[in-house]
Amino acid sequence: LGQIREIVGDDLVYAYDAINPPEGQFLALNALSNHKKGTLARLLPRPIDESRIKGKTAGFEIKNVFGLSHVRPDLCAPFWERVPEYLESGKIIPLSFQVVEGLDVDKVNRGLDKYRDGEAVQKIHVHP
């Protein structure tokens, strides 16, 4: 939390959490500004003990943004129809990745070991 405050001071009003259960979301919530209303957008909508969030005099809100295309077809179908165009035009740039051909356990484990060891990781796609 201290490192975040060193960079953004008390100005952080938006945070996004893509994976953490409630225990891990406390960092994002506590990093939000104490004097400006903040918002945490999160994928995992689970109950959170708000008594563990300190100093938010302007308050905060939590937005659950877990999205499934089939839940909002009116919104998502046109988007998915345009994805190829967005990719070709560069409006969307996919993250880099490494392809592992076949079920090569050693290559997959090396990639997973990097996550475990805190090393820089390039996403792995396994093509059996």
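Residues numbered from 1 in each chain as written. Predicted model: local features only at pLDDT ≥ 70, side-chain atom pairs only at ≥ 80, totals over all residues. Heavy atoms only, no water.

*Asks:* What is the right way to read the nonpolar core from this model?
*Replies:* Burial of nonpolar side chains together is a common tendency in soluble globular proteins. Among the nonpolar cores identified, the biggest contains eight residues, and these are Ala15, Phe26, Ala28, Leu29, Leu32, Leu40, Ile48 and Ile53. With three residues, helix 2 (residues 22-31) is the largest single contributor of residues to this core. Phenylalanine 26 has contacts with Ile48, Asp49, Arg52 and Ile53, leaving out every residue within four places of it along the chain. (Core = buried A, V, L, I, M, F, W, Y, C linked by side-chain atoms within 4.5 Å. Buried < 20%, exposed > 50% of the residue type's maximum accessible area, 1.4 Å probe, protein only. Helix = DSSP H or I, 4+ residues; strand = E, 2+ residues; numbered from the N terminus. Contact = heavy atoms within 4.5 Å.)

*Asks:* Whenever I open this one, the sheet that holds strand 3 (residues 60-64) confuses me. Can you help?
*Replies:* As a general point, the strands of a sheet are linked pairwise by backbone hydrogen bonds and lie either parallel or antiparallel. A sheet is described by the order of its strands in space; here three strands give the open sequence 1-2-3, paired in parallel fashion. With one partner strand each, in any of the chains shown, strand 1 (14-17) and strand 3 form the two edges of the open sheet. Taking the axes of each pair of neighbouring strands and ignoring which way they run, one obtains an average angle of 20 degrees across the sheet. Of the pairings in the sheet, the one linking strand 1 to strand 2 (residues 38-42) comprises four bridges and is parallel in character. In the sheet register, alanine 15 faces strand 2, and the bridge partner there is leucine 40. Sheet contacts for helix 2: strand 1, strand 2 and strand 3; angle to strand 2, the most-contacted strand, approximately 150 degrees. (Pairing = 2+ DSSP bridges. Axes fitted to C-alpha atoms, helices over the stretch in contact; angles between N-to-C directions.)

*Asks:* I keep staring at the pattern of salt bridges and nothing clicks. Help me out?
*Replies:* Oppositely charged side chains can pair when the atoms bearing their charge come close. Counting across every chain of the model gives seven salt bridges. A salt bridge links arginine 116 to aspartate 113; its shortest N-O distance comes to 3.2 Å. With arginine 116 and aspartate 113 both in helix 4 (residues 105-117), this residue pair falls three residues apart, about one helical turn. On the accessibility criterion, aspartate 113 (31% relative accessible area) is partly exposed. Members of the salt-bridge network, linked through shared partners, are Asp113, Arg116 and Asp117. (Salt bridge = Lys/Arg side-chain N within 4 Å of Asp/Glu carboxyl O.)

*Asks:* Would you mind showing me how to read helix 3 (residues 73-89) here?
*Replies:* At 3.6 residues per turn, the α-helix brings residues three or four places apart onto the same side. The terminal C-alpha atoms of helix 3 lie 24 Å apart, and with 17 residues this matches the ideal 24 Å at 1.5 Å per residue to within 8%. Where helix 3 bends most, the angle comes to about 40 degrees, and this point is arginine 82, followed within four residues by the proline proline 84. A positive phi of about 85 degrees marks glycine 90, the residue just after helix 3. (Expected span 1.5 Å × (residues − 1). Bend = angle between axes of the 7 residues up to and from the residue.)

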